[in-house]
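Report on the structure
In case you want the letters, here they are:
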Amino acid sequence: MNNKPQNITILGAGAWGQALAHLAAINQHTVRLWSRHSPVSLEDTLANTDIILCAISMKGVRDVANLVNSVNEKSLKNTIVVTATKGLEPYTTYTPSQIWETIFPHQPVVVLSGPNLSKEIEQKLPAATVVASKNVVAAQQIQLVFSSQQFRVYTNPDPVGVELGGTLKNVIAISAGVCDGLHLGTNAKAALVTRGLTEMVRIGNTLGAKTETFYGLSGLGDLLATCNSPLSRNYQVGYQLANSKTLPEVLSSLSGTAEGVNTCRVLMEIAQKHSIAIPITEQVYQLLAGEITPRQALDKLMLRDIKSEFDNFPVEQIWSRGEKC
Ligand SMILES: NC(=O)c1ccc[n+]([C@@H]2O[C@H](COP(=O)([O-])OP(=O)(O)OC[C@H]3O[C@@H](n4cnc5c(N)ncnc54)[C@H](OP(=O)(O)O)[C@@H]3O)[C@@H](O)[C@H]2O)c1
Ligand SMILES: O=P(O)(O)OC[C@H](O)CO
């Protein structure tokens, strides 16, 4: 394993790109930060790079990946691609790592995702994250690059699960913001987040992710961080909608990207295609579309048909084993 300082190019100089640049610099790596407004060309920025880390918003990932491919295909032979975007591409429904893998089929691609609110990381507060890849050695290399006293990095062999945890929780965070904005209390919030996790697992399983990954840092961990922090942009979207703002008003005042807004639309397509029940996401979708009010969304969730808590574990099954108490 190479523990020497690496040349790292970070694509995207927004909140997350800058926070990751700070974390990499702790370990004496050479970091170059690029955005489409950079004075230095992408080709020059990528010269001799060991690691490309993408922290571009979902809407720009494919264009930027194509740009990287067009300017520097040959010199990227041994470069590891790390993706830190939390979103889904409309129409293809691809995750960011799937886009990078399609365009760079011969490069190791590593997903980096966890409960990582950039504002806290900027304040040098401690945090943990997960790096996941089909290429174990590449994941371990990225673990070494970023591990420090401020940032604890775990590896995981389920990149799709790690990536989807960070992506799917954004929609539930919008609903959690609504819950707090309406002052519905701690019981309601606990129910919402727990049932939200069930939706994440259902979608994740359909898309090939492992259930246990959603109970780790990149799933439950990120869900808890994002649903409980006013620092989260996704949470803020829900909170402000519950306080009578319109979506355009909220988005125009938001600093940075709230990926959950677009992810919600993509999830509705996936759920319809695969007949997956995602009632919370459905209410968030209708709320974002201006079709219902936050109160109506709440009523719809509370008045759904009564059912067993677990999809594949009906209560009758437990009772028949004599565990009724
Ligand atoms: N902030 C966090 O706490 C955090 C933590 C973990 C993961 N993430 C994820 O990281 C991603 C970026 O988040 P962020 O907070 O850094 O957002 P941000 O502050 O809004 O920055 C987004 C970056 O993406 C670039 N970008 C957007 N659209 C683009 C396009 N069409 N072409 C090229 N570049 C484009 C922006 O460039 P311009 O400045 O030129 O628009 C900017 O550099 C999101 O997927 C987010 O979910 C964020
Ligand atoms: O500000 P948000 O809602 O995009 O959340 C940021 C990160 O995903 C938290 O891990």
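Residues numbered from 1 in each chain as written. Chains lettered and ligands numbered in written order. Predicted model: local features only at pLDDT ≥ 70, side-chain atom pairs only at ≥ 80, totals over all residues. Heavy atoms only, no water.

**Side note on the site of ligand 2**
As a matter of local geometry, ligand 2 sits amid 13 residues, with Lys169, Asp222, Ser232, Arg233 and Asn234 nearest to it. Lys86 places a side-chain nitrogen or oxygen 2.9 Å from an oxygen atom of ligand 2. Separating an oxygen atom of ligand 2 from a backbone N or O atom of Gly114 is a distance of 3.1 Å. For ligand 2, whose unbound accessible area comes to 310 Å², protein coverage reaches 92%. When atoms are counted within 2 Å of each cavity's grid points, the one that captures over half of ligand 2 is the largest pocket. (Near = heavy atom within 4 Å. Polar contact = N/O pair within 3.5 Å; in protein donor to acceptor, adjacent residues only side chain to side chain. Areas by Shrake-Rupley, 256 points an atom, 1.4 Å probe, with all protein chains shown as cover. 1 Å grid on protein atoms, 1.4 Å probe; cavity = no way out; pocket = protein on both sides within 12 Å on 5 of 7 lines; lining within 4 Å. Sits in = over half its atoms within 2 Å of the grid points.)

**Some details on the sheet that holds strand S6 (residues 127-132)**
Sheet architecture is open: seven strands sit in the order S2-S1-S3-S4-S5-S6-S7, paired in mixed fashion. Each having just a single partner strand, strand S2 (30-34) and strand S7 (151-156) make up the two edges of the open sheet. Across the sheet, the mean angle from the axis of one strand to that of its neighbour is 25°, orientation sign disregarded. Of the pairings in the sheet, the one linking strand S5 (residues 109-113) to S6 comprises three bridges and is antiparallel in character. Among the inter-strand pairings, Val111 is bridged to a residue of S6, identified as Ala132. The sheet strands contacting helix H1 (residues 15-26) are strand S1 (7-11), S2, strand S3 (51-54), S5 and S7, and the helix crosses S2 at an angle near 170°. Contacting strand S4 (80-83), S5, S6 and S7, helix H7 (residues 159-181) runs over the sheet at an angle of about 35° to S5. (Pairing = 2+ DSSP bridges. Helix = DSSP H or I, 4+ residues; strand = E, 2+ residues; numbered from the N terminus. Axes fitted to C-alpha atoms, helices over the stretch in contact; angles between N-to-C directions. Contact = heavy atoms within 4.5 Å.)

**Let's talk about the layout of surface pockets**
There is about 990 Å³ of room inside the largest pocket. Lining the largest pocket we find 36 residues, and of these Trp16, Ala55, Ser57, Arg233 and Thr257 sit closest to its centre. Elements supplying a minimum of two residues to the lining of the largest pocket: H1, helix H3 (58-72), helix H5 (118-122), H7, helix H9 (217-228) and helix H10 (233-242). Here the element with the most residues in the lining of the largest pocket is H3; it accounts for four residues. Of the residues contributing to the lining of the largest pocket, the split by class is ten nonpolar, 16 polar and ten charged. Taken as a whole, the second largest pocket encloses approximately 660 Å³ of empty space. Lining of the second largest pocket is provided by 28 residues; of these, Leu192, Arg195, Ile280, Leu301 and Met302 occupy positions nearest its centre. Secondary structure elements with two or more residues in the lining of the second largest pocket: H7, helix H8 (186-206), helix H13 (279-288) and helix H14 (294-302). Looking at which element gives the most residues to the lining of the second largest pocket, the answer is H8, with seven residues. (Points joined across faces, edges and corners; volume = space filled by probe spheres on them. Nonpolar A, V, L, I, M, F, W, Y, C, P; charged D, E, K, R; others polar.)

**Details of the pairing of S6**
The buried count for S6 comes to six of six residues, which makes it a mostly enclosed element. Along S6, one buried face is formed by Ala127, Thr129 and Val131 and the opposite face, lined by Ala128, Val130 and Ala132, is buried too. Bridge count between S6 and S7: six bridges; the pairing is parallel. Among the inter-strand pairings, Val130 is bridged to a residue of S7, identified as Tyr154. Taken together, S6, helix H6 (residues 136-146) and S7 form a β-α-β motif whose crossover is right-handed. (Buried < 20%, exposed > 50% of the residue type's maximum accessible area, 1.4 Å probe, protein only. Right-handed = clockwise from strand over helix to strand, strands pointing away.)

**Quick word on the UniProt feature "binding site: sn-glycerol 3-phosphate" (unreviewed entry) in the protein chain**
Feature annotation in UniProt assigns "binding site: sn-glycerol 3-phosphate" (unreviewed entry) to the following positions: Lys86, Gly114, Lys169, Asp222, Ser232, Arg233 and Asn234. For the largest pocket, the lining residues among the annotations just cited are Lys86, Lys169, Asp222, Ser232, Arg233 and Asn234. Within the fold, Gly114 resides in the loop between S5 and H5. Beyond its immediate stretch of four places on either side in the chain, Gly114 contacts Lys86, Ala128, Thr129, Leu217, Ser218 and Asp222. Topologically, Lys169 is positioned in helix H7. Using a relative accessible area of 5% as the deciding quantity, one classes Lys169 as buried. Among residues more than four places away in sequence, those in contact with Lys169 are Lys86, Leu164, Met200, Asp222, Leu223 and Thr226. (UniProt positions renumbered as here; feature names shortened; annotations may be inferred.)

**A closer look at the side chain of Thr79**
Structurally, Thr79 can be placed in the loop between H3 and S4. A distance of 3.3 Å separates a polar atom in the side chain of Thr79 from the backbone oxygen of Thr49.

**Details of the pattern of salt bridges**
Evaluated as defined, the whole model comprises six salt bridges. For Glu89, the salt bridge identified is with Arg62, shortest N-O distance 2.7 Å. With a gap of 27 residues between them, Glu89 in the loop between S4 and helix H4 (96-103) and Arg62 in helix H3 connect regions that are remote in the sequence. For Asp311, the salt bridge identified is with Arg202, shortest N-O distance 2.6 Å. In this pair, Asp311 is assigned in the loop between H14 and helix H15 (315-320) and Arg202 in helix H8, connecting sequence segments 109 residues apart. Asp311 sits in the partly exposed class, given a relative accessible area of 43%. One salt-bridge network, held together by shared partners, links Lys86, Lys169 and Asp222. (Salt bridge = Lys/Arg side-chain N within 4 Å of Asp/Glu carboxyl O.)

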